[in-house]
Amino acid sequence: MKADKNFLDLIEKIQSGYQITQQECAFLLQFPETSLESAITRGVADVMSREKFDNTGLVFGQIGFEVSPCPGKCKFCSISEEHTQFEKASMSDENILASADNFTASGDLFALALMAMHNYDFERVLHVVAMVRSKIPAQTQIVINIGDFDLTQAKELKAAGANGAYHLTRLREGIDTTLDPEIRKQTMGHIKQARLDLYYCCEPIGPEHTPEEMAEQIFRGIDYGCFQHGAMRRVLIPTSPLAKYGQISELRLAQVTAVVTLSALSCTELKSIGVHEPNLLGITAGANAIYAETGINPRDTEKETSGHRGLDISDCKQMLTEAGFSKLFHI
Ligand code: SF4
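1. Comments concerning the overall build of the protein chain
Helix and strand counts for the protein chain come out as ten helices and twelve strands. Over its C-alpha atoms the protein chain spans a radius of gyration of 19 Å, differing by no more than 12% from the 20 Å that the globule rule assigns to 331 residues. Overall size of the protein chain, expressed as C-alpha extent along the three principal axes, is 60 × 40 × 40 Å. Sorting the 331 residues of the protein chain into buried and exposed places 60% on the buried side. By sequence separation, contacts in the protein chain at least 24 residues apart represent 74% of the contacts at least 6 residues apart. Summed over all atoms, the accessible surface of the protein chain reaches about 13300 Å², with 50% contributed by carbon and sulfur. Separation between the mean location of the 31 positive side-chain charges and that of the 43 negative ones in the protein chain comes to 3 Å.

Okay, structure coming up:
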């Protein structure tokens, strides 16, 4: 069994520090996930990532504290107003603080993500950020995951205690969503201008996405200087319009994670690679960051994702240990 010669030449160059192009990224993505080329890609990404991040695994926590049928109408999301079964609900301050304490008490959490909807009450988000900031360890990062915002709001979020924001243009943004990709890009610019860390991801990957589409989206995160890159597959929500396409395997997700890793490792701002949802194949293919989740989760149809799709902190630590990470972040 022999691997493709052009592929092997490229992998050798990457191991010598070569920064691949968007076209070469698409080339790596076009091999089947069960191929020898895919296995080599995952292995090389794993070794290079462990070298860059000193074989350190990071655990993140996410609290989805607001939910309402969302006008973003993303055709893959369990919260789209077109097909959701969720009703408007909001976690109380007490419950948010209890969840934040639960996530951070052990000192094992690198960052806490606070998630609301595309349409959100900015004053409430500011309040939640400031409230959580005042209660959790100063070293624990706060990452907000909300809809679009302007530069003034980005600065206010930072002043309230946020360290970063998760934001991206999704695959087929504006086609499989009603959102404007240009406005999403503007918000990414506001995050960078306010000196918040940009958490980015290639998502939500489905079987229908081409290597070229994924490569374009992967490189956008690199071009913006993301603090975290990663890959997330679309989880099949049976009531959603994209359910007809099915979902990719964890093995394909691991392959994409590996290609993200090989594409992004030389990005100077990059501090970690995530894979969503957490799985062993992904964290042995370049990813070193996984998320525990509680509250609302757009990939889940349960109102409380912990105990359902969402893992807890000790599950995440166990998974990282099983994957051979010799160090886990600890305050
Ligand atoms: S992915 Fe986000 S913006 Fe899209 S429908 Fe779901 S909650 Fe709304």
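2. Comments concerning the site of the ligand
Around the ligand, the structure places Cys 70, Lys 73, Cys 74, Phe 76, Cys 77, Ser 80, His 118, Arg 170 and Leu 179. The residue inventory of the shell around the ligand, partitioned by class, reads five nonpolar, two polar and two charged.

3. With respect to the packing of helix 5 (residues 122–135) against helix 6 (residues 151–160)
One way to put it is that helix 5 packs onto helix 6 with a least axis distance of 8 Å and a crossing angle of 25 degrees. When the axes of helix 5 and helix 6 are compared, the pair comes out roughly parallel. For the pair helix 5 and helix 6, the contacting residues are Phe 122, Val 125, Leu 126, Val 129, Ala 130 and Arg 133 in the first and Gln 153, Glu 156, Leu 157 and Ala 160 in the second. Looking at the contact of helix 5 with helix 6, its residues break down into seven nonpolar, one polar and two charged.

4. What to know about the packing of helix 2 (residues 22–29) against helix 8 (residues 211–223)
Relative placement of two packed helices is described by the angle separating their axes and the distance separating the axes. At a minimum axis separation of 8 Å, helix 2 and helix 8 run at an interaxial angle of 130 degrees. Between helix 2 and helix 8, the angle falls in the class oblique. Crossing angle aside, the handedness with which helix 2 passes helix 8 is right-handed. Of the residues in helix 8, those in contact with Gln 22, Cys 25, Ala 26 and Leu 29 of helix 2 are Pro 211, Glu 212, Met 214, Ala 215, Glu 216, Ile 218 and Phe 219. Of the residues in the contact of helix 2 with helix 8, the class split is eight nonpolar, one polar and two charged.

5. Brief notes about the side chain of Asp 176
Note on placement: Asp 176 falls in the loop between strand 6 (164–166) and helix 7 (181–193). Not counting residues within four places of it along the chain, the set of residues in contact with Asp 176 comprises Lys 73, Cys 74, Lys 75, Phe 76 and Leu 242.

6. Topic: the pairing of strand 5 (residues 141–145)
Within a regular strand, side chains alternate between the sheet's two faces. In terms of residue burial, strand 5 counts as a mostly covered element, since five of its five residues are buried. Burial along strand 5 is two-sided: the residues Gln 141, Val 143 and Asn 145 and Ile 142 and Ile 144 are all buried. Pairing of strand 4 (residues 109–115) with strand 5 involves five bridges; the strand directions are parallel. Residue pairing in the sheet places Ala 111 in a bridge with Gln 141 of strand 5. Where strand 5 lies against strand 6, two bridges are found, and the strand directions are parallel. Within strand 6, the position partnered with Ile 144 by the bridge is Ala 165. Considered for its hand, the β-α-β crossover made up of strand 5, helix 6 and strand 6 is right-handed.

7. Digging into the environment of Cys 226
Looking at where Cys 226 falls in the secondary structure, it is placed in the loop between helix 8 and strand 9 (228–233). Exposure remark for Cys 226: the relative accessible area of 0% places this residue in the buried category. Linking Cys 226 and Leu 270, residues 44 residues apart in sequence, is a C-alpha distance of 5.9 Å. With residues near it in sequence (within four places) discarded, Cys 226 still touches Leu 198, Tyr 200, Gly 221, Cys 267, Glu 269 and Leu 270.

8. Details of the packing of aromatic side chains
Here a ring pair, both rings aromatic, is described through the centre-centre distance and the interplanar angle of the planes. All told, the structure shown has eight aromatic pairs when counted by the stated rule. Ring centres of Phe 60 and Phe 110 lie 5.4 Å apart, and the angle between their planes is 55 degrees; this geometry places the pair in the tilted category. Here Phe 60, found in strand 1 (residues 56–64), pairs with Phe 110, found in strand 4; they are 50 residues apart in sequence, far enough to count as distant. Counting every residue linked through ring pairs, the aromatic cluster contains Phe 60, Phe 110, Tyr 199, Phe 227, Tyr 291 and Phe 329. Taking NZ or CZ as reference, Lys 13 lies 4.2 Å from the ring centre of Tyr 18, over its face.

9. Points about the pairing of strand 1
With respect to burial, strand 1 is a largely interior element, nine of its nine residues being buried. Burial along strand 1 is two-sided: the face carrying Thr 56, Leu 58, Phe 60, Gln 62 and Gly 64 and the face carrying Gly 57, Val 59, Gly 61 and Ile 63 are both buried. Sheet topology note: the strand 1/strand 12 (residues 327–328) ladder contains two bridges and is parallel. Pairing of Thr 56 across the sheet is with Lys 327, part of strand 12. The pairing of strand 1 with strand 4 spans six bridges and is parallel. The residue of strand 4 that forms the bridge with Val 59 is Leu 109.

How each quantity is defined
Residues numbered from 1 in each chain as written. Predicted model: local features only at pLDDT ≥ 70, side-chain atom pairs only at ≥ 80, totals over all residues. Heavy atoms only, no water. Helix = DSSP H or I, 4+ residues; strand = E, 2+ residues; numbered from the N terminus. Rg over C-alpha atoms; globule rule 2.2 N^0.38 Å. Buried < 20%, exposed > 50% of the residue type's maximum accessible area, 1.4 Å probe, protein only. Contact = heavy atoms within 4.5 Å. Areas by Shrake-Rupley, 256 points an atom, 1.4 Å probe, with all protein chains shown as cover. Lys, Arg positive; Asp, Glu negative; His and termini not counted. Charge placed at Lys NZ, Arg CZ, Asp CG, Glu CD. Near = heavy atom within 4 Å. Nonpolar A, V, L, I, M, F, W, Y, C, P; charged D, E, K, R; others polar. Axes fitted to C-alpha atoms, helices over the stretch in contact; angles between N-to-C directions. Parallel < 35°, antiparallel > 145°, perpendicular 65-115°, else oblique. Left-handed = near helix turned anticlockwise from the far one by under 90°. Pairing = 2+ DSSP bridges. Right-handed = clockwise from strand over helix to strand, strands pointing away. Phe/Tyr/Trp six-rings, centres within 6.5 Å; stacked < 30°, edge-to-face > 60°. Lys NZ or Arg CZ within 6 Å of the ring centre and 35° of its normal.

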